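In case you want the letters, here they are:
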Amino acid sequence: MRHLQDYFFFKTIVEVGSIRKAAQSLTITSTALNRRILALEEELGTEIFERLPSGVKLSAAGEVFLHHVREQLSDIEKVKSQIADLRGERRGNVKVACSQALLPFFLPNQIHQYQELHPQVTFDVQRRDRKAAEQALRDMNADLAIVFEPENLADFHILSISKQPIYAIMSAKHPLAQQSSLKLSDCLQFPLALPTNQFGIRQILDRKASKALYTLSPVIESDSFEFLRYKASLGQCITFQIEVGLPVDLSFMNMTAVKLDVQDVPPGEVYVGHLKGRTLPVAAAKFAQQLVNILEHKSN
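These figures come from a predicted structure and were not determined experimentally.

(A) Quick look at the pairing of strand β5 (residues 144-148). Within β5, five of the five residues are buried, which leaves the element mostly enclosed by the surrounding structure. Of the two faces of β5, the one holding Leu144, Ile146 and Phe148 and the one holding Ala145 and Val147 are both buried throughout. By the bridge criterion, three bridges tie strand β3 (residues 92-98) to β5 in an arrangement that is parallel. Within the sheet, the bridge partner assigned to Cys98 lies in β5 and is Ile146. Relative to strand β12 (residues 268-275), β5 is paired through four bridges, and the arrangement is antiparallel.

Have a look at this one:
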């Protein structure tokens with residue numbers, strides 16, 4: 001399978017944008033790596049890289065070849081996974097692109113449960129929100145995407161859609177902490193710490209505010225949910241999170257979560273899926289089924 005090694009070398013150069021940097025990460029000499037690429041170009045009958053003073057970039061032929069390489073590398077992982085399953089061993093590497101909201105608690109717990117049963121399966125987890133997660137599928141840099149409120153589903157094969165109510169997150173000592181449910185207007189009486197507007201939660205809140213003629217005037221905005229959560233723990237600020245993005249118990253953080261009335265602020269949706277037309281390796285397919293089962297159970 002020497003050609004697969006050449007494909008891996010080629011993909012690494014694409015990712016780092018330089019033969020020299022790729023050679024360093026691959027622990028071979030730049031000269032040897034360049035010879036392998038020249039041999040590929042000779043076999044293809046065309047240049048796949050444009051050589052630049054600052055590195056390399058793909059030619060038009062290289063873009064076409066890259067798509068083929070990604071498919072071939074993906075297929076060989078699928079075959080390895082299927083062969084391991086025949087031996088009764090679940091092996092493989094599962095690459096997951098995941099919205100930020102699910103990273104701190106939900107996804108680590110799901111991976112832990114899976115690896116308890118299949119310890120030889122490894123994971124590559126990438127924080128990718130909305131558009132970037134879908135692009136990772138198209139580039140075959142991810143097997144699965146778990147996305148809150150995706151933007152474009154043209155290339156997305158949907159495995160599951162789960163409704164996710166939104167919760168107001170606040171200090172356990174906050175005046176609203178003992179309420180059983182809240183409306184957005186209740187929260188507007190206090191300073192807000194909000195995610196920036198590329199996130200699905202913010203867009204849901206903005207739509208509600210626009211419809212109700214409210215003005216959202218956050219005292220702080222951030223693209224980090226961890227930062228917003230910690231900021232809310234320190235005083236009167238309120239931030240927001242979807243249900244699946246919460247830990248089982250917030251008390252260890254001296255915080256509480258109060259559900260927003262779904263008649264006031266409608267739930268968002270978490271999608272689990274993979275690239276249309278792609279057959280997943282066994283390990284990724286089985287992990288996807290685990291995710292679907294737990295998310296559908298939580299949303300019922």
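(B) Here's a closer look at the packing of aromatic side chains. Scanning the entire structure with this criterion turns up eight aromatic pairs. The interplanar angle of 75° and the centroid separation of 6.5 Å between the aromatic rings of Phe156 and Tyr271 together place this pair among those described as edge-to-face. Note that Phe156 is positioned in strand β6 (residues 156-164) and Tyr271 in strand β12, a separation of 115 residues in sequence. Exposure remark for Phe156: the relative accessible area of 3% places this residue in the buried category. Note on Tyr271: relative accessible area 10%, which makes it buried. Among the aromatic residues, those joined into a cluster by ring pairs are Tyr7, Phe10, Phe49 and Phe65.

The rules behind each value
- Residues numbered from 1 in each chain as written.
- Predicted model: local features only at pLDDT ≥ 70, side-chain atom pairs only at ≥ 80, totals over all residues.
- Heavy atoms only, no water.
- Buried < 20%, exposed > 50% of the residue type's maximum accessible area, 1.4 Å probe, protein only.
- Helix = DSSP H or I, 4+ residues; strand = E, 2+ residues; numbered from the N terminus.
- Pairing = 2+ DSSP bridges.
- Phe/Tyr/Trp six-rings, centres within 6.5 Å; stacked < 30°, edge-to-face > 60°.

Functional significance is not addressed by these values, which are geometric in nature.
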